[in-house]
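# A closer look at the structure
Below are the chains, spelled out letter by letter.
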Amino acid sequence: MTEQEIKDLVTRQRKYFRTGATLPVGTRLAALRRLYAAISENEKDIHDAIRKDLGKSNFESYMCETGLVLEEISYMLKNTGRLAREKGVRTPLAQFHSRSYQKPSPYGVVLIMSPWNYPFMLTLSPLVDALAAGNTAVVKPSAYSPHTSEVIRRILTQCFPTHYVSVVTGGRAENTCLLREHFDYIFFTGSQAVGKEVMRNAAEHLTPVTLELGGKSPCIVDHTANIRLAAKRIVFGKYLNCGQTCVAPDYVYCHRAVKDRLVKEIQKQIQKQYGRQPLNNPDYGKIINEKHFDRLLGLMDENKLVYGGKADRKSLRIEPAVLDNVTFSDPVMQEEIFGPIMPILVFDHLDEVIHKVNAMPHPLALYIFTSDKKAAAKVLSRCGFGGGCVNDTIIHLATTEMGFGGFGESGMGAYHGKTGFDTFTHYKSIVDKKTWIDLPMRYQPYRKICEKMVRFFLK
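Residues numbered from 1 in each chain as written. Predicted model: local features only at pLDDT ≥ 70, side-chain atom pairs only at ≥ 80, totals over all residues. Heavy atoms only, no water.

This next bit is on the overall build of the protein chain. Counting its regular elements, the protein chain contains 15 helices and 20 strands. A globule of 459 residues ought to have a C-alpha radius of gyration of about 23 Å, and the protein chain, at 25 Å, matches this closely. Along the first, second and third principal axes, the C-alpha atoms of the protein chain reach 85 × 55 × 35 Å. Residues classed as buried in the protein chain amount to 53% of the 459 residues present. Pairs at least 24 residues apart make up 72% of the contacts formed inside the protein chain by residues separated by at least 6 positions. Only carbon and sulfur atoms are counted for the fraction: they give 54% of the accessible area of the protein chain, which is about 21000 Å². Considering the protein chain, the positive charge centre built from 61 side chains and the negative charge centre built from 47 side chains are found 7 Å apart. (Helix = DSSP H or I, 4+ residues; strand = E, 2+ residues; numbered from the N terminus. Rg over C-alpha atoms; globule rule 2.2 N^0.38 Å. Buried < 20%, exposed > 50% of the residue type's maximum accessible area, 1.4 Å probe, protein only. Contact = heavy atoms within 4.5 Å. Areas by Shrake-Rupley, 256 points an atom, 1.4 Å probe, with all protein chains shown as cover. Lys, Arg positive; Asp, Glu negative; His and termini not counted. Charge placed at Lys NZ, Arg CZ, Asp CG, Glu CD.)

Spelled out as C-alpha cells, the structure:
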C-alpha cells in the first residue's frame, strides 16, 4: 500500500468515525459477534497459517491464540453495555446543585501494530478491545508471519468495511508511512527498539500510546521451592512456542543449595514434555526465520551447554537448551533471548536477587517459586516488573479479569478485559449544572461573607 493510499484510508476512517456510527453499543456488539463467528468458521485456516509461520500444533494455537481471542470477545459481549455507561460520581457541596459523571468515549481512529510470535492473538485481542470501546481501527500485522497476516486480512475484510476496520500488510515501508499519519491512539506490541521509534513518531502528533514490549524476565527459585513442580512449570513456560514468548522466563535465578537438583529435574521435564528427540516432535515449533535462528545459535556457549541445543537449519528448529554456570556478563545475558535457551544462574541471599533485578531494565514478567510466603511478598513488593506469577509461569496473561502490560523498559499501558476497554477509551469528566439556582459567592466583587462561605465549602 502506498503512502497516499494509507493517508486516504486514515481519512476515510476518521470521516466515518465522526458520523457517530460506531458509538451505539448495539453496533459494537454486532461487530464483535461477526468477528467471533468468522474466527470460529475459519479456525482450521487460522491454525494452518500459524503452523506454516511458527510450526505450532493445533492444540497450542487454540490454547494460546484463537481460544484467548474468543474469550476476549465473549467478555466484551457480556460487559460492553455496562462498561460503556456513564458513571456518576459524588458532586462537592460547592457545586450545588449539579450532577457529576464520567462519560466513556472512544478515542477515534486507532492503529494496532502487532508482532510475529503470537501473530493472531496479539493482533486480534487489542482489536476486540478497540471495537468494544467504539473506535475504528487500522491493523498492521507483522511481515515475518505472512501466512497468518493473510488470514487476518481475509477475515477482517469479510467482517468489516475498510472505513471501519482495515488491514495494512507489508514491511518497514508501510510501518513508516503509518507512523507518519495522525492517529488518535497507537497500540504497539514488539521490540524495544521499534517501540522507541513508535513513540518518537507519536510525539509529533501528541498521540497517546500503549507499548507492549519485552525484556529479560527472571524466574527466581528459592531453597524452599517444590523443585519437581517448579521444573515442570518452568519448562512449560520457557519452551512454549520455542521460547518465542514475550513473558517467557528469560533466565532462571536459582538458590545455590537447590541448583543441581533443579537442573536434573529440568532435564527430566524436557524429555517428558518434548521427548528425547524434540527435533522430531511434530508439536514442537520452529524459529520464525533464519536471522533469529543464527542469532540464537550465537548465544549458546558450548562450554556451558549441559543439555540439548542441537539445531536443524532446514527446519529452523533448535532443541530446548540448558546452560549452567552462567554469569550476568555472559553474552546470553546481554539481550532478551526470545528462543529455547535457558540460562541458569545462582544466588545465595534473596536480597542479592532483589538488588540485581532492580539494577537491570524493568522486565515484562517476574516469576518466583517458593514455599515461603514472606519471601514471595518481599520480591513482589520490592522488584519492579509488569506482572507475573508465584509458583507458575506465563498464566497471568491468560485472564480477562486482570490487565496485562509492561513497566518502564518493558512498556507502558495494559489491556485485556475492562483494562483493555479503558485503554481505548477517554473518560470525559462532566458537570451538569442546574439552572434553577446560582450561588453568588464565586462572582466578583468578592466580599468577606463570600470568602467565609468558600472556606467552609472547600475544607
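Next up on the list: the pairing of strand β16 (residues 387-390). Side-chain direction in a regular strand flips from residue to residue, so the side chains alternate between the two faces of the sheet. The alternating pattern of β16 places G387 and C389 on a buried face and G388 and V390 on a face that is not buried. Note that the unit made of strand β15 (residues 365-369), helix α13 (residues 373-382) and β16 has a crossover that is right-handed. (Right-handed = clockwise from strand over helix to strand, strands pointing away.)

Moving on to helix α12 (residues 350-359). Every buried residue of α12 is accounted for by L350, V353, I354 and V357. Burial along α12 is one-sided: seen end-on, the buried residues are contained in an arc of 95°. With respect to the buried face of α12, the exposed residues turned more than 90 degrees away are H355 and A359. (Arc of directions from axis to C-beta.)

Before going further, it helps to spend a moment on the packing of helix α2 (residues 25-41) against helix α4 (residues 58-83). Axis angle and axis distance: for two packed helices, these are the angle between their axes and the distance between the axes, and together they describe the pair. In the contact formed by α2 and α4, the axes pass within 10 Å of each other and the chain directions differ by 160°. Considering their axes alone, α2 and α4 lie roughly antiparallel with respect to each other. The way α2 lies across α4 gives a crossing that is left-handed. Along its contact with α2, which presents V25, R28, L29, L32, R33, L35, Y36, I39 and S40, the element α4 presents V69, L70, I73, S74, M76, L77, T80 and G81. Per-class residue counts for the contact of α2 with α4 are eleven nonpolar, four polar and two charged. (Axes fitted to C-alpha atoms, helices over the stretch in contact; angles between N-to-C directions. Parallel < 35°, antiparallel > 145°, perpendicular 65-115°, else oblique. Left-handed = near helix turned anticlockwise from the far one by under 90°. Nonpolar A, V, L, I, M, F, W, Y, C, P; charged D, E, K, R; others polar.)

Let's shift gears to the sheet that holds strand β7 (residues 209-212). Read across the open sheet, the six strands follow the order β5-β4-β3-β6-β7-β18; overall the sheet is mixed. Edge strands, defined here as strands with exactly one partner in the open sheet, are β5 (165-167) and β18 (411-412). Judged from the four bridges that link them, strand β3 (residues 109-113) and strand β6 (residues 185-189) form a sheet pairing that is parallel. Opposite V110, over in β6, you have Y185 as the bridge partner. Against the sheet, helix α5 (residues 121-132) touches β3, β4 (136-140), β5 and β6, its axis set at about 165° to β3. Packed on one face of the sheet, helix α8 (residues 192-204) meets β3, β6, β7 and β18 and runs near 175° to β6. (Pairing = 2+ DSSP bridges.)

Before going further, it helps to examine the sheet that holds strand β2 (residues 98-106). Strands sit in the order β1-β2-β20 across an open sheet of three strands; the sheet is antiparallel. In this open sheet, the two strands that pair with only one neighbour each are β1 (87-89) and β20 (425-433). Strand after strand, the sheet turns through a mean of 30° between neighbouring axes, direction not considered. Here nine bridges tie β2 to β20, and the two strands are oriented antiparallel to one another. By the bridge assignment for β20, K103 is matched with K428.

A word on the layout of surface pockets. A volume near 1400 Å³ is recorded for the largest pocket. Along its surface, the largest pocket is lined by 43 residues, and G190, S191, Q192, A193 and V194 are the ones closest to its centre. Looking at which element gives the most residues to the lining of the largest pocket, the answer is α8, with five residues. The class makeup of the residues in the lining of the largest pocket is 18 nonpolar, 16 polar and nine charged. (1 Å grid on protein atoms, 1.4 Å probe; cavity = no way out; pocket = protein on both sides within 12 Å on 5 of 7 lines; lining within 4 Å. Points joined across faces, edges and corners; volume = space filled by probe spheres on them.)

As annotated in UniProt, the feature "active site" (unreviewed entry) corresponds to E212 and C246 in the numbering used here. Spanning 35 residues, the annotated positions come together in the fold, the maximum distance between their C-alpha atoms being 9.0 Å. Those annotated residues lining the largest cavity are, specifically, C246. Note that E212 resides in strand β7. When neighbours within four sequence positions are excluded, E212 is seen to be in contact with F187, F188, T189, G190, F404, G405, G406, S410, G413, A414 and Y415. Considering the arrangement of structural elements, one finds C246 in the loop between α9 (227-239) and β9 (251-255). Of the residues examined, C246 reaches a relative accessible area of 13% and is grouped as buried. Ignoring any residue separated from it by four or fewer positions in sequence, one finds C246 in contact with N117, L213, S217, E336, F338, L364 and F404. (UniProt positions renumbered as here; feature names shortened; annotations may be inferred.)

Let us now look at the pattern of salt bridges. Evaluation of the coordinates by the stated rule reveals 23 salt bridges. The residue E86 makes a salt bridge to R99 at a minimum N-O spacing of 3.6 Å. Of this pair, E86 sits in the loop between α4 and β1 while R99 sits in strand β2, placing them 13 residues apart in sequence. Residue E86 is classed as partly exposed on the basis of its relative accessible area of 39%. Two residues, E335 and R295, come together in a salt bridge whose shortest N-O distance is 2.8 Å. Of the two residues, E335 sits in the loop between β13 (321-323) and β14 (341-347) while R295 sits in helix α11 (residues 290-299), which places them 40 residues apart along the sequence. Judged by its relative accessible area of 32%, E335 falls in the partly exposed class. Through salt bridges with shared partners, a single network forms among E86, R99 and K103. (Salt bridge = Lys/Arg side-chain N within 4 Å of Asp/Glu carboxyl O.)

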